[in-house]
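Notes for the structure review
Okay, here's what each chain looks like letter by letter:
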Amino acid sequence: MGDKPLMHVLMHIPKTGGASVASGLEKTFGSNVALRRDWFDQLIFFSKTKGLHQYKIITCHISSRELAYLADDFELSVSTILRSPIDRVFSNYCFWRRNTPDTIMEIGNRKVPLINKSLSWHDDLYRLLTLSRDVWKFRELSNVMTWQLSTSIYERNGRTASQALAQAKSTLKKMRFVGFQKTLENDYKKLVSLIDADASPSELPTINMTKTRTDLVLDDAGRSLIAEFNLLDQELYEWACDFRKTTSLM
C-alpha cells in the first residue's frame, strides 16, 4: 500500500440491498466515518464542498469508470452486493411504481411517463425495457450490473456487450469483497469484519423492501420478459455465484 489513505468503497448497484448495508455501516462505524451518497454527482458535490478525507467508508451508485475520481486521492478497497437480475429488475420496477409514478422523462421533444398505470404492469415493463436504449433512466432495468461494473450505469459507450461482460467479471475478481442479496445479513457482517476485524456490526436495518409493499406478483411471464432483456446480467450473476465457491474473497 502506498502513501494514500485507505478508502473502503461499496459500489451500490440499485436494488441489491445496498441502502440497508449503508445504513448498517453508518450505525456500526458512525456517520463521521461512513458516508452515503446515492449518486456520483452528489458525491462530487460533497467532495468539493466538504471534502472526503475524514471518511473511511463510502457507499454510492458509483461505477467502474467513476472510481478514478477517488483513486487520485485514496487507496481503494472496493466491494459490492449482487442480486438475481430477475428479482432486482422486478424490485426496481415496483419501487418506481410505488414511489415515482408521476415522473415524466423526455426523449427529444417527446415526454414519456416513467410509469404508465393505464397499462398492465407486464406491458408497462415491456415498454420501459424496449425504450432503454433511448431513455437513460430506463437503463436501470437492463443489464445494469454488467454495465455499472464495466463502465457506467447509463453511458454505455466504447465496449460491445461481450467486452462489457468480460470487463465486469474482471472488476469483480479485483474487488475486496463481493456479497449477495440472498445472503445479505451474513455478507454484511463479513464486510464489517473486513473493514475492521474488531468492530461489532450493528443490526442490519430493512430499507426499501418492495416485496412487502406491492400488490404485483412476479409470474412466469414477468420472469421471461425480464430475462430477455438481461442476458448479460444473468450470465454475470451465475458466473459470480460459481466464482464465490472457489475464492475466499467473496
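Attention in this report is confined to the structure presented alongside it. Bear in mind the structure is a predicted one, so any value in this text is a computation, not a measurement. (Residues numbered from 1 in each chain as written. Predicted model: local features only at pLDDT ≥ 70, side-chain atom pairs only at ≥ 80, totals over all residues. Heavy atoms only, no water.)

Focus: the nonpolar core
So the rule is basically this: In this description, a nonpolar core means a group of buried Ala, Val, Leu, Ile, Met, Phe, Trp, Tyr and Cys residues linked to one another through side-chain atoms lying within 4.5 Å. Each residue gets one of three labels from its accessible area relative to the maximum for its type: buried under 20%, exposed over 50%, partly exposed in between, using a 1.4 Å probe on protein chains only. Comment: elements are numbered from the N terminus, with helices defined as DSSP H or I runs of at least four residues and strands as E runs of at least two. By definition, residues are in contact when any of their heavy atoms lie within 4.5 Å.
Formed by 38 residues in total, the largest nonpolar core has its most connected members in Leu43, Leu52, Ile62, Leu82, Leu149, Leu172 and Leu236. Counting residues per element, this core draws most heavily on helix H10 (residues 231-244), which supplies six residues. For Leu149, the contacting residues outside a window of four places in its chain are Met11, Ile13, Ser64, Leu82, Gln167, Ala168, Thr171, Leu172, Met175 and Leu236. Counting 25 residues, the second-largest nonpolar core is a separate cluster that includes Trp96, Val112, Leu129 and Phe229.

Describing the environment of Ser150
Of note, Ser150 is situated in helix H6 (residues 144-150). Residues Ser150 and Ala166, 16 residues apart in the sequence, show an inter-C-alpha distance of 8.1 Å. Beyond its immediate stretch of four places on either side in the chain, Ser150 contacts Ser64, Arg159, Ala164, Gln167 and Ala168.

Digging into the packing of aromatic side chains
The condition is simple: In this scheme Phe, Tyr and Trp rings, the latter by its six-membered ring, pair at centre separations within 6.5 Å, and the angle between planes marks the pair as stacked below 30 degrees, edge-to-face above 60, and tilted otherwise.
Across all of its chains, the model carries nine aromatic pairs by this definition. Their ring planes at 85 degrees and their centres at 5.8 Å tell us that Phe40 and Tyr69 sit as a pair that is edge-to-face. Of this pair, Phe40 sits in helix H2 (residues 40-50) while Tyr69 sits in helix H3 (residues 67-71), placing them 29 residues apart in sequence. Judged by relative accessible area, which is 14%, Phe40 ranks as buried. A relative accessible area of 29% means that Tyr69 is categorised as partly exposed.

Some remarks on the side chain of Thr59
By the element assignment, Thr59 lies in strand S3 (residues 57-60). What makes Thr59 buried here is its relative accessible area of 2%. Sequence-distant contacts of Thr59, defined by excluding residues within four places in its chain, comprise Leu10, His12, Gly18, Ala22, Leu25, Leu35, Arg36 and Arg37.

Thoughts on the pattern of salt bridges
Stated formally: A carboxyl oxygen of Asp or Glu within 4 Å of a side-chain nitrogen of Lys or Arg is what we treat as a salt bridge.
The final tally for this structure, using the stated rule, is seven salt bridges. We note a salt bridge from Asp38 to Arg36, for which the minimum N-O separation is 2.8 Å. Its relative accessible area of 29% is what places Asp38 among the partly exposed residues. Arg36 sits in the partly exposed class, given a relative accessible area of 33%. Glu155 is paired through a salt bridge with Arg65; the nearest N and O atoms lie 3.9 Å apart. One end of the pair, Glu155, is in the loop between H6 and helix H7 (161-174); the other, Arg65, is in the loop between S3 and H3, with 90 residues separating them in the sequence. Accessibility expressed as a relative area gives 39% for Arg65, which makes it partly exposed. Each of the salt bridges in this network shares a partner with another, and the network as a whole consists of Arg97, Asp124 and Arg127.

Section: helix H4 (residues 85-99)
Formally: Take the residue count of a helix, subtract one, and multiply by 1.5 Å to get its expected span.
Helix length check: H4 (15 residues) gives 21 Å between terminal C-alpha atoms against 21 Å at 1.5 Å per residue, within 8%. Burial runs high along H4: 11 of the 15 residues are buried.

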